[in-house]
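Structure assessment
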Amino acid sequence: MATPVVELRNVTKSFIEGEVQALRGVNLTIYKGELMSIMGPSGCGKSTLLNLVGALDRPTSGDLLIDGVNLNDVENLDLFRSRKIGFIFQAFFLVPTLTALENVEIPMFDSGFVLPQEKTQKARQLLIDVGLEKKINQVPTRLSGGEKQRVAIARSLANDPAIILADEPTGNVDSKTSHMLIELLRRINQEKGATLIVVTHDPLIAAATDRVVQMLDGQIIGEKDPKSLLK
Amino acid sequence: MVLVQIVWKNLLRRKIRSVLTVVGIAVGIGAVVSLVSITDGFVHGWKNMIKGHGVDLTIVKAGGEANFVLNTLDESLGDQLRQIKGLDSVTETMVDIATVEDKPSIMIFGYTLGGDYINRLKIVNGGLFTSKDKDEIILGSVLAKSLKVTVGDEVEVERELFTVVGICESSNILENGAGIVSLQRLQKLMNRPGKVTTFGIRLQNPSQLPEIKKEIETRLPNISALSSQEFVDENEGVKMAQALSWGISLIVLLVGAIATMNTMFMSVFERTREIGILRALGWRKGRIINMIMQESIVLSLCGGVLGIFLGMGAVRMLNLFRQLRGLIQAEYTTFLFSEAIILALLLGILGGLLPAWRGSRLPPVEALRYE
């Protein structure tokens, strides 16, 4: 039987002293090794859900278990996040002054997973894995959108995380690059066995995942068959 | 990659801003370095002069200032001092400020012919004055050079003409930039008959200094007998110069810290989202603080090092001015350089603390949303 890697039990999240309810009692289980997507219109709570699963924030109420650990019991979210979660953002969010190699090294600073002297070697290997061996020493301004996102993907893998969260990963690239990126994510999911959660508006991207969860008004309203999105 | 590489790249991102901050700090540190080195040089010169005169005790008015110029004593006091046992010699001196040619503030020493002070002068050209009443003057080498006069020439002192009979060279800047006439001639010139500013006392046995000092002060309650060190420490000019350099250092610390803080705050505001990314990728608050503090300290230390050179350059520049030539003798000590670097370090720490704290407190979710 599949092992749950993320479990949300009646999770709520409100802002401005309860005036805005972004999540209203969300229940969801995500299993180890899954490649799944979360779809929904703007303001439906996708990003809030992503922030909670990414341990960037804590739920207002309810339980959120990541890799078997209840987030309410975690004291140091920074350390927890660096060890368990890899992030891929729509706008890449690379540090502009650092080279591709240095950007990939960033998450390894405080995780305690990688020895300082091994950081560079590991970052180099990850960039080779995503096909950027010739761009290792380039700064982000000298990379195309697709290349920047591949650097971000390599960076998300730096600490061998249990979960990789991708927020609209193809939102800033053309359709050809978008297709190539989703293939890369699929390959990583299969080769590394990491759970991949993609938040997207794009039905074509969602269709490439194994499971599609739909959200509306801070709640999960159901699941869709990915193939049905292509019709 | 190590953190310091990131720090360096962050500083190079806004080169002009970083350079301007460094220059701002350097100007402040330079001001401290030049001022303190000149003060130290002055104190050192003062000490040298007192020691060079070979006197063990200097007599000044009790409760008055240990100031050569402002101190006034009756010349007759000398006879009372000479009655005290254990003294080898008592020499009267007068110091005043006079206009020499077109130079308004020149120190003029009035020394007794045959006394300790004049016997220790190192004459490099000419000789000593021949009579206590003649209009003769010995010039310090720096003053002679700046007046462009030599032995045999005449110079105007307080609108009276004096013949230059000798040029002397001293290890201290004060005497080098001064003129020396006989005590009696100076009393007449400055209209202070029967007055002197200090007495220099040489002891038969210098180890008796504490006892003799006590005896002088008991017998003559209106005067103080100061050792060379005390005379230097008690000097109003020295005290003022030291207080001034401390005051300037504090102002530099404050202004420098504010300038650094401003730069660092701007840098943190600009990088709000980037700091959020670093936090999202697992950087601890402590590492963010460390990064911003290092940036601030690198800026201030660069400013400190540049400031030292700037300060030394400023002293050289001051010496190029005709009016100041030879009168400024800066003293550079390891202590001064350490003080400059510590000052720079302090203002880097003070300037970086608040921005670093703010940067580390940015919630990653908010920071990532920041446009």
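Residues numbered from 1 in each chain as written. Chains lettered and ligands numbered in written order. Predicted model: local features only at pLDDT ≥ 70, side-chain atom pairs only at ≥ 80, totals over all residues. Heavy atoms only, no water.

The helix and strand tally for chain B stands at 14 helices and 12 strands. In summary, chain B has a C-alpha radius of gyration of 29 Å against a globular reference of 21 Å for 371 residues, an excess of more than 25%. With respect to the three principal axes, the spread of C-alpha positions in chain B is 90 × 50 × 30 Å. Counting across all 371 residues of chain B, residues that qualify as buried make up 51%. Taking the intrachain contacts of chain B between residues at least 6 apart in sequence as the baseline, contacts between residues at least 24 apart amount to 80%. Of the roughly 17,200 Å² of accessible surface on chain B, a fraction of 60% belongs to carbon and sulfur atoms. Averaging the coordinates of the 39 positive side-chain charges in chain B and doing the same for the 36 negative ones gives two points 14 Å apart. (Helix = DSSP H or I, 4+ residues; strand = E, 2+ residues; numbered from the N terminus. Rg over C-alpha atoms; globule rule 2.2 N^0.38 Å. Buried < 20%, exposed > 50% of the residue type's maximum accessible area, 1.4 Å probe, protein only. Contact = heavy atoms within 4.5 Å. Areas by Shrake-Rupley, 256 points an atom, 1.4 Å probe, with all protein chains shown as cover. Lys, Arg positive; Asp, Glu negative; His and termini not counted. Charge placed at Lys NZ, Arg CZ, Asp CG, Glu CD.)

Taken together, the contacts link 23 residues of chain A with 22 residues of chain B. Of the roughly 2,200 Å² buried at the junction of chain A and chain B (both faces included), carbon and sulfur atoms supply 62%. Our count for the contact surface shared by chain A and chain B stands at 4 salt bridges. Connecting chain A to chain B are 8 residue pairs in polar contact (both at pLDDT 80 or more). Among the elements that make up the side of chain A that touches chain B, the one with the highest residue count is helix α2 (residues 77-84) of chain A (3 residues). (Buried area = accessible area lost by both parts, 1.4 Å probe. Salt bridge = Lys/Arg side-chain N within 4 Å of Asp/Glu carboxyl O. Polar contact = N/O pair within 3.5 Å; in protein donor to acceptor, adjacent residues only side chain to side chain.)

Residues and elements named next belong to chain A. If you walk across this open sheet you meet the 4 strands as β2-β1-β4-β5, and the pairing is antiparallel. The open sheet terminates on both sides in strands that have one partner only, identified here as β2 (20-31) and β5 (69-70). Relative to β5, strand β4 (residues 61-66) is paired through 2 bridges, and the arrangement is antiparallel. Within β5, the position partnered with leucine 65 by the bridge is asparagine 70. Most of the contacts of helix α1 (residues 46-53) go to strand β1 (residues 4-15), to which it runs at about 125°, and overall it touches β1, β2 and β4. (Pairing = 2+ DSSP bridges. Axes fitted to C-alpha atoms, helices over the stretch in contact; angles between N-to-C directions.)

Attention now goes to the sheet that holds strand β7 (residues 163-167) of chain A. Residues and elements named next belong to chain A. An order of β6-β7-β8-β3-β9-β10 is seen for the 6 strands of this open sheet, with the pairing classed as mixed. Looking at the sheet topology across the chains shown, the edges are occupied by β6 (85-88) and β10 (219-224). In this sheet, neighbouring strand axes are inclined to one another by 20° on average, regardless of whether the strands run parallel or antiparallel. Across 5 bridges, strand β3 (residues 35-39) lies against strand β8 (residues 195-200) in parallel orientation. If you follow serine 37 over to β8, its bridge partner there is valine 198. This element, α2, spans β6 and β7 of the sheet and lies at about 75° to β6.

This part takes up the packing of aromatic side chains. Tallied over the entire structure, the rule returns 6 aromatic pairs over all chains. Ring centres of A:Phe87 and A:Phe89 lie 5.5 Å apart, and the angle between their planes is 5°; on these two criteria the pair is classed as stacked. Take A:Phe87 and A:Phe89: they sit in the same class, and that class is buried. Residues B:Phe109 and B:Tyr111 carry aromatic rings whose centres are separated by 5.6 Å and whose planes lie at 45° to one another, so their mutual orientation is tilted. By relative accessible area, which is 0% here, B:Tyr111 ends up buried. In this arrangement the basic side chain of A:Lys119 is found over the ring face of A:Phe109, its NZ or CZ atom lying 4.2 Å from the centre. (Phe/Tyr/Trp six-rings, centres within 6.5 Å; stacked < 30°, edge-to-face > 60°. Lys NZ or Arg CZ within 6 Å of the ring centre and 35° of its normal.)

A word on the pairing of strand β1 (residues 57-61) of chain B. All names here are of chain B. Of all the 5 residues making up β1, 4 are buried; the element is thus mostly covered by neighbouring parts of the structure. Judged from the 3 bridges that link them, β1 and strand β11 (residues 198-203) form a sheet pairing that is antiparallel. Within β11, the residue paired with isoleucine 59 across the bridge is phenylalanine 199. For β1 and strand β12 (residues 223-227), the ladder comprises 5 bridges, and the chain directions are antiparallel. Bridged to valine 60 within β12 is serine 224.

This paragraph deals with the nonpolar core. Counting residues in hydrophobic clusters, the biggest one holds 61 residues, and the most contacted among them are A:Val6, A:Leu8, A:Ile197, B:Ile6 and B:Trp283. For this core, the element with the most residues is helix α12 (residues 285-320) of chain B, which contributes 5 residues. In this view, A:Val6 contacts A:Leu28, A:Thr29, A:Ile30, A:Val53, A:Leu64, A:Leu65, A:Ile163 and A:Ile197; residues no more than four positions away in its chain are not counted. Core analysis: the second largest hydrophobic core is formed by 39 residues, B:Leu143, B:Leu147, B:Val149 and B:Ile223 among them. (Core = buried A, V, L, I, M, F, W, Y, C linked by side-chain atoms within 4.5 Å.)

Take the packing of helix α2 (residues 15-52) of chain B against helix α10 (residues 236-270) of chain B next. Relative orientation of the contacting elements α2(B) and α10(B) amounts to 170°, with a least axis distance of 10 Å. As judged from the angle between their axes, α2(B) and α10(B) are roughly antiparallel. (Parallel < 35°, antiparallel > 145°, perpendicular 65-115°, else oblique.)

Let us now look at the side chain of B:Thr197. All names here are of chain B. Structurally, threonine 197 is set in the loop between β10 (195-196) and β11. Residue threonine 197 is classed as buried on the basis of its relative accessible area of 0%. Of the polar contacts made by the side chain of threonine 197, one reaches the backbone nitrogen of valine 95; its length is 3.1 Å.

What follows covers the domain arrangement of chain B. Annotation of chain B at the domain level lists domain 1 (3-46 + 238-369) and domain 2 (63-221). Computed from C-alpha coordinates alone, the two centres of domain 1 of chain B and domain 2 of chain B are separated by 46 Å. (Domains from an automatic or database assignment.)

Residue and element names in this part refer to chain A. For the structure shown, the criterion picks out 29 salt bridges over all chains. Taking the shortest distance from any N to any O, the salt bridge between glutamate 34 and arginine 211 comes out at 2.9 Å. In this pair, glutamate 34 is assigned in the loop between β2 and β3 and arginine 211 in strand β9 (residues 211-216), connecting sequence segments 177 residues apart. One salt-bridge network, held together by shared partners, links Glu34, Arg211 and Glu223.

Moving on, we come to the environment of A:Leu229. Residue and element names in this part refer to chain A. Within the secondary structure layout, leucine 229 lies in the segment after β10. By relative accessible area, which is 16% here, leucine 229 ends up buried. Separated by 22 residues in the primary sequence, leucine 229 and alanine 207 have C-alpha atoms spaced 5.8 Å apart. Contact partners of leucine 229, with chain neighbours within four places excluded, come to Met39, Pro203, Ala206, Ala207, Val212 and Lys224.

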